[in-house]
Amino acid sequence: EWHVRYVDPYVDAARARSAGAADERVEDAGGELLVIATPVDVATRMKPNAKIITTTCSVMMPFKHYVAGHPFAGSDKSGLENAQADLFAGKPWFVSRDEPAIRAMIETTGARQIVVDPKEHDEAMAFTSHLPQVISTALASLIEQKRIDPMFVGGGIRTLLRLAGSSYEVWGSVLDANARNIGEAERELLRVMNSMTGADFDRARRFMAKFASE
């Protein structure tokens, strides 16, 4: 059983407790295990005091002095009102090294701990998470700038643009922290886009077939 203490300047303590998100509010979030669940720029400025510290950011390299972590689950929505008790069930939770207390916490959420190299993680996330966010946001912004009539916005592009509902407060510092890897991913994508062939469509279909049953 976990006793959860928390510090969140944006969430009313009574509301968080009634939602089952926390047991109490404390100004000093010390304890056996401290989970830093903030945007990247906030996390990098923190000077926490706890025996074991882990993060839940979308990048790991800036937090090599902690047990860097990344629960690979979420949505474009934020706030206590959008919390889901089963959000992590069956999902990967990446960590930079195995730590029994952190592993126990991860297993309690129903997630699967996977130990990964932080550099490999951040390089992969540039392609599979961060670049999709950039594409979705940039395209939605461009369509808005072009003042294209909403009647031309169909189901396909709505699916593609789902991530565009995400906030800059969350994503701005992620894009900054992983800028080098994201830049390389953008260059590789442009290379493929500028010379699109049938082979690319074949590779794309093979890739998507891997997830057909999920």
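For the structure itself, consult the block above.
Residues numbered from 1 in each chain as written. Predicted model: local features only at pLDDT ≥ 70, side-chain atom pairs only at ≥ 80, totals over all residues. Heavy atoms only, no water.

1. Some thoughts on the overall build of the protein chain
Point 1. Counting its regular elements, the protein chain contains eight helices and seven strands.
Point 2. Projecting the C-alpha coordinates of the protein chain onto the three principal axes gives extents of approximately 55 × 35 × 35 Å.
Point 3. By residue count, 29% of the 214 residues in the protein chain fall in the buried class.
Point 4. Within the protein chain, residue pairs in contact and separated by at least 24 positions form 43% of the contacts whose partners lie at least 6 positions apart.
Point 5. For the protein chain, the exposed surface amounts to about 13,900 Å²; the carbon and sulfur share of it is 55%.
Point 6. With 25 positive and 29 negative side-chain charges, the protein chain shows a separation of 4 Å between the mean positions of the two kinds. (Helix = DSSP H or I, 4+ residues; strand = E, 2+ residues; numbered from the N terminus. Buried < 20%, exposed > 50% of the residue type's maximum accessible area, 1.4 Å probe, protein only. Contact = heavy atoms within 4.5 Å. Areas by Shrake-Rupley, 256 points an atom, 1.4 Å probe, with all protein chains shown as cover. Lys, Arg positive; Asp, Glu negative; His and termini not counted. Charge placed at Lys NZ, Arg CZ, Asp CG, Glu CD.)

2. Concerning the pairing of strand S7 (residues 112-115)
Point 1. Here strand S6 (residues 92-95) pairs with S7 via four bridges, running parallel. By the bridge assignment for S7, Trp93 is matched with Gln113.
Point 2. Regarding topology, helix H3 (residues 100-109) serves as the crossover connection from S6 to the parallel S7, and that connection is right-handed. (Pairing = 2+ DSSP bridges. Right-handed = clockwise from strand over helix to strand, strands pointing away.)

3. A look at the sheet that holds S7
Point 1. The strand order S5-S6-S7 describes an open sheet built from three strands, whose pairing is mixed. On the outer flanks of this sheet lie strand S5 (69-71) and S7, each paired with one strand and no other. Averaged over all adjacent pairs, the angle separating strand axes in this sheet is 20 degrees, with direction ignored.
Point 2. The pairing of S5 with S6 spans three bridges and is antiparallel. (Axes fitted to C-alpha atoms, helices over the stretch in contact; angles between N-to-C directions.)

4. Examining the packing of aromatic side chains
Point 1. For the coordinates displayed, the defined rule picks out four aromatic pairs.
Point 2. Between Phe72 and Phe94, the aromatic rings sit 5.5 Å apart at their centres with planes inclined by 45 degrees, giving tilted as the arrangement. Of this pair, Phe72 sits in the loop between S5 and S6 while Phe94 is found in strand S6, placing the two residues 22 residues apart along the sequence.
Point 3. Assessed through its relative accessible area of 13%, Phe94 is described here as buried. (Phe/Tyr/Trp six-rings, centres within 6.5 Å; stacked < 30°, edge-to-face > 60°.)

The quantities given are spatial measurements derived from coordinates; they are silent on function.
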